[in-house]
There are 2 protein chains.
Amino acid sequence: MDDKSISQAVVARLPRYYRYLGDLKDKGVERISSQDLSRMMKVTASQIRQDFNNFGGFGQQGYGYNVAYLYDEIARILGLNEKHNLIVIGAGNLGQALANYMNFERRGFIVRGIFDKNRQLHGKELRGIVIQPVEQMEQFIRENDVDIAVLTIPKEGAVKTAELLVRCGIKAIWNFAHVDLNVPDSIVVENVHLSDSLMKLSYGIANR
Amino acid sequence: MDDKSISQAVVARLPRYYRYLGDLKDKGVERISSQDLSRMMKVTASQIRQDFNNFGGFGQQGYGYNVAYLYDEIARILGLNEKHNLIVIGAGNLGQALANYMNFERRGFIVRGIFDKNRQLHGKELRGIVIQPVEQMEQFIRENDVDIAVLTIPKEGAVKTAELLVRCGIKAIWNFAHVDLNVPDSIVVENVHLSDSLMKLSYGIANR
DNA sequence: AATCTATTGACAATCATTTAACAAAGATGT
DNA sequence: ACATCTTTGTTAAATGATTGTCAATAGATT
């Protein structure tokens, strides 16, 4: 059903569709055609139909797509019906910001623990979650069914930490460290390289 | 010279090249062949050569690429030789984290101001920079030659704020709000949709 | 100095993605 | 109930990106 041959480009567009469909749903819109959606999102209607069809026929000729149904289907495709336990590794500015950000929890991503090697942070609480020493991380992952690790530590330790996480049986790493991790293909890695993003922006300014 | 017809895919790869070349340079490596780099980066040598050739012949047959030279060239292409003044709009967790993050300054991105509408934050200092009311933003942009705005506010206000920024003559927006901005094509927008990224990760777990 | 080796830059071939076109299916209006 | 309109799903065409190939060139070796 969810064929493995879905291209990355398509998957990368799904969250945006999901966002627009959520907005439509909130506005009480019941149905939407690929053409109307294409105007809103500034992509071609053809691409929208092609994208949705990768996962089966969600629409109906002469009618369009049912907003609520399509919204739920995309959630299901994205795996948002599942709950995930996650830990944040690195309680610096970014780590704390992410741990504090409640909205992820609404989508089923629940922060279970925060770890840092800096002793001065140990015991500090964020939303009731205590910052723990990294030494306790391994045991914590195994005991708390942790799927996802959010890696917000400096690049120096990131590769080794990722390897440790793999040994602990983590499924996915959300990597904010400025380095490429070296993990088996079976581990899902989603990189957020903020400095890369800023450089792209810089390129944009230089080459307008 | 820097042809406008460089594809987004190529530009998106440049920061990664830059990162690897920086590491090589730090290690004292003088030259590198596309083949060696291809093994390190796990991309094809052909792609590396093709990518670099978009910007002119940086290499030499039988020798490879000079690391220091190529590093500088990529920096120039990315516009990293230019300094940019930026402001952070929204002093929540993420805004404060970004404003505190020193590493961007090393690349010439200098935080000049932080703005928030929450009165309780006004006057608070981050690295010597005072959080100001958004009402003062417009004047501040004009008086301080601000190029880039980092938008870390909730999505509700983001579109309007972006439009205001355009009227103030901002060149680029680094957008962390979960919404698509509506600005002229001449304005550079680099989106960092963290929730989209997390959904992609979720898809990865669901469809391994 | 001549030969060999490494490696680029350019081009061609392949592969992937996007867009266009249209028949088929269903909704809508009379 | 019929005709008309809308809009999908699908196939084909066009465009774009990646990879493979190889002649040309420069460094390295003898």
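Computed from a predicted structure; not experimentally measured.

(A) Local environment of the packing of helix α9 (residues 194-206) of chain A against helix α1 (residues 8-26) of chain B. The interhelical angle for the contact between α9(A) and α1(B), taken along N-to-C directions, is 125°, at an axis separation of 9 Å. Taken together, the axes of α9(A) and α1(B) are oblique relative to one another. Between α9(A) and α1(B) lies a crossing of right-handed hand. Contact residues: Asp196(A), Met199(A), Lys200(A) and Tyr203(A) in α9(A); Val11(B), Ala12(B), Pro15(B), Arg16(B), Tyr18(B) and Arg19(B) in α1(B). Grouping the constituent residues of the contact of α9(A) with α1(B) by class yields six nonpolar, no polar and four charged.

(B) Structural context of the sheet that holds strand β2 (residues 59-60) of chain A. Residues and elements named next belong to chain A. Strand order in the open sheet made by the three strands is β1-β3-β2, with antiparallel pairing throughout. What marks the edges here is a single partner per strand, and that holds for β1 (31-32) and β2. Bridge analysis of β2 against strand β3 (residues 64-66) gives two bridges, and the strand direction is antiparallel. Pairing of Gly59 across the sheet is with Tyr65, part of β3.

(C) Here's a closer look at the protein's contact with DNA strand D. Of all residues adjacent to DNA strand D, which total 23 residues, the nearest are Ser34(A), Asn53(A), Gly62(A), Ser46(B) and Gln50(B). Considering the 4 Å shell around the protein, atoms of DNA strand D inside it are sugar or phosphate in 58% of instances. Taking Arg49(A), its side chain carries an N or O atom lying 2.9 Å from a base oxygen of DNA strand D. Here a base oxygen of DNA strand D sits 3.4 Å away from a polar atom, N or O, in the side chain of Gln61(A). If you list the elements that add at least two residues to the surface near DNA strand D, you get α3 (45-53), β2 and β3 of chain A together with α3 (45-53) of chain B.

Scoring rules and cut-offs
Residues numbered from 1 in each chain as written. Chains lettered and ligands numbered in written order. Predicted model: local features only at pLDDT ≥ 70, side-chain atom pairs only at ≥ 80, totals over all residues. Heavy atoms only, no water. Axes fitted to C-alpha atoms, helices over the stretch in contact; angles between N-to-C directions. Helix = DSSP H or I, 4+ residues; strand = E, 2+ residues; numbered from the N terminus. Parallel < 35°, antiparallel > 145°, perpendicular 65-115°, else oblique. Left-handed = near helix turned anticlockwise from the far one by under 90°. Contact = heavy atoms within 4.5 Å. Nonpolar A, V, L, I, M, F, W, Y, C, P; charged D, E, K, R; others polar. Pairing = 2+ DSSP bridges. Near = heavy atom within 4 Å. Polar contact = N/O pair within 3.5 Å; in protein donor to acceptor, adjacent residues only side chain to side chain.

Just distances and angles here, no functional claims.
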